[in-house]
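Below are the chains, spelled out letter by letter.
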Amino acid sequence: MKIKAQPFPYKFEVSSTALVIIDMQRDFIEPGGFGHALGNDVSLLAGIVPACQAVLSAWRAAGALVVHTRESHLADLSDCPPSKLNRGNPTLRIGDIGPMGRILVAGEPGNQIIAELSPMAGDIVIDKPGKGAFYATPLHQLLQQAGITHLVFMGVTTEVCVQSSMREANDRGYDCLLLADCTESYFPSFKTATLEMMRAQGGIVGWTAQSLDLLTVL
Ligand code: TIU
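Attention here is on the structure that accompanies the text. Source: prediction; values computed, not measured.

## Here's the deal with the site of the ligand
Part 1 of the argument: Around the ligand, the neighbouring residues are Asp 23, Phe 28, Phe 34, Leu 38, Glu 71, Lys 131, Val 156, Thr 157, Val 160, Cys 161 and Tyr 186.
Part 2 of the argument: Glu 71 is positioned with one of its side-chain polar atoms (N or O) 2.9 Å from a nitrogen atom of the ligand.
Part 3 of the argument: Residue Lys 131 places a side-chain N or O atom 3.0 Å away from an oxygen atom belonging to the ligand.
Part 4 of the argument: Relative to its unbound accessible area of 280 Å², the ligand is 93% covered by the protein chains.
Part 5 of the argument: In terms of residue class, the shell around the ligand is built from 7 nonpolar, 1 polar and 3 charged.

What follows is the structure, given as structure tokens:
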């Protein structure tokens, strides 16, 4: 298959491509979570949910692999380095009790993927302690076992976990496509800059496309 993309058309086969949905968790999208505690206006992020749902549903119908990630830490925070725990001046720190349970801790209500994009049996779900999806996770090994060479990315936030994950994937040899209308940032200018820098220099990190261009071929 070939779809319209920047900086040039993106070619892939569904059998060797995974849809990677980064951190579409209540902790980032709903008030009272980690994103909110960091001082961000979280309302912007919910806007991409319908487009993400449309892609997820078409991707499932095509029978292709789906990966979800969650930024989450163990209850004892042994996988959260002091640099991450103490950075900045949030109202609630990682591990503190907020309105949706303990902030960014695995298993807490706020740490769950939003209901609209819930994982299903057969999906891969990765809990990751870092911003990138490959750091301290079995993701690369699982993708290799599944014969995956191409990754289509959606999720939040564009310049933090999505960008880190896509860069890690690119360095591991995956051809990566980011769906521009299925990713969002708390800072619109950062989203724009990230999309531009990923596809610059002949696709130095990968490609960007609109979800409709993918839906058309699916
Ligand atoms: N703060 C921010 O923009 N993002 C994160 O902390 N994590 C993710 O992007 N998932």
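Read on, since the account is not over.
## Considering the pairing of strand β7 (residues 124–128)
Part 1 of the argument: Side chains Ile 124, Ile 126 and Lys 128 of β7 all project onto a buried face; the interleaved residues Val 125 and Asp 127 project onto a face where none is buried.
Part 2 of the argument: Where strand β4 (residues 65–71) and β7 come together, 5 bridges link them in parallel fashion. In the sheet register, Glu 71 faces β7, and the bridge partner there is Lys 128.

## Things to note about the pattern of salt bridges
Part 1 of the argument: With the rule as written, the count across this model stands at 7 salt bridges.
Part 2 of the argument: With its nearest N and O atoms 2.9 Å apart, the salt bridge here joins Arg 26 to Glu 30.
Part 3 of the argument: Owing to a relative accessible area of 25%, Glu 30 belongs among the partly exposed residues under this scheme.
Part 4 of the argument: Here Arg 60 makes a salt bridge to Asp 123, at a shortest N to O gap of 2.9 Å. One end of the pair, Arg 60, is in helix α3 (residues 49–61); the other, Asp 123, is in the loop between β6 (101–102) and β7, with 63 residues separating them in the sequence.
Part 5 of the argument: Judged by its relative accessible area of 22%, Arg 60 falls in the partly exposed class.
Part 6 of the argument: Several salt bridges converge on common partners, so that one network encompasses Glu 71, Lys 84 and Lys 131.

## Observations concerning helix α7 (residues 188–203)
Part 1 of the argument: With 16 residues, α7 extends 21 Å between its outermost C-alpha atoms, agreeing within 8% with the 22 Å of an ideal straight helix rising 1.5 Å per residue.
Part 2 of the argument: Those residues of α7 not exposed but buried are Lys 191, Thr 194, Leu 195 and Met 198.
Part 3 of the argument: Close packing links the buried residues of α7 with α6 (158–171), β9 (175–184) and β10 (207–209).

## Points about α6
Part 1 of the argument: If you check α6, its first and last C-alpha atoms are 18 Å apart, about what 14 residues at 1.5 Å a residue would give, namely 20 Å.
Part 2 of the argument: Burial in α6 covers these residues: Thr 158, Glu 159, Cys 161, Val 162, Gln 163, Ser 165, Met 166, Glu 168 and Ala 169.
Part 3 of the argument: Of the residues flanking the end of α6, it is Gly 173, one or two places downstream, whose phi is positive at about 95°.

## Topic: the packing of α6 against α7
Part 1 of the argument: The geometry of α6 relative to α7 is characterised by a closest axis approach of 10 Å and an angle of 15° between their N-to-C directions. Comparing the axis directions of α6 and α7 gives the class roughly parallel. Like other packed secondary-structure pairs, α6 and α7 cross with a definite hand, here right-handed. Here Thr 158, Glu 159, Gln 163, Met 166 and Arg 167 of α6 come into contact with α7, specifically with Phe 190, Lys 191, Thr 194, Met 197 and Met 198.
Part 2 of the argument: Among the residues making up the contact of α6 with α7, the classes are represented as 4 nonpolar, 3 polar and 3 charged.

## Observations regarding the nonpolar core
Part 1 of the argument: If you look at the biggest cluster of nonpolar residues, it comprises 40 residues, and the most contacted ones within it are Met 24, Leu 177 and Leu 179.
Part 2 of the argument: Among the elements of the structure, β3 (17–22), α1 (26–29), α3, β8 (150–156), β9 and β10 are those that each provide at least two residues to this core.
Part 3 of the argument: For this core, the leading source of residues is α3, giving 6 residues.
Part 4 of the argument: With sequence-adjacent residues up to four places away left out, Leu 179 is seen in contact with Val 55, Val 152, Phe 153, Met 154, Ala 209, Gln 210, Ser 211 and Leu 214.
Part 5 of the argument: Counting 25 residues, the second-largest nonpolar core is a separate cluster that includes Val 20, Ala 133, Cys 176 and Ala 180.

Calculation notes
Residues numbered from 1 in each chain as written. Predicted model: local features only at pLDDT ≥ 70, side-chain atom pairs only at ≥ 80, totals over all residues. Heavy atoms only, no water. Near = heavy atom within 4 Å. Polar contact = N/O pair within 3.5 Å; in protein donor to acceptor, adjacent residues only side chain to side chain. Areas by Shrake-Rupley, 256 points an atom, 1.4 Å probe, with all protein chains shown as cover. Nonpolar A, V, L, I, M, F, W, Y, C, P; charged D, E, K, R; others polar. Buried < 20%, exposed > 50% of the residue type's maximum accessible area, 1.4 Å probe, protein only. Helix = DSSP H or I, 4+ residues; strand = E, 2+ residues; numbered from the N terminus. Pairing = 2+ DSSP bridges. Salt bridge = Lys/Arg side-chain N within 4 Å of Asp/Glu carboxyl O. Expected span 1.5 Å × (residues − 1). Contact = heavy atoms within 4.5 Å. Axes fitted to C-alpha atoms, helices over the stretch in contact; angles between N-to-C directions. Parallel < 35°, antiparallel > 145°, perpendicular 65-115°, else oblique. Left-handed = near helix turned anticlockwise from the far one by under 90°. Core = buried A, V, L, I, M, F, W, Y, C linked by side-chain atoms within 4.5 Å.

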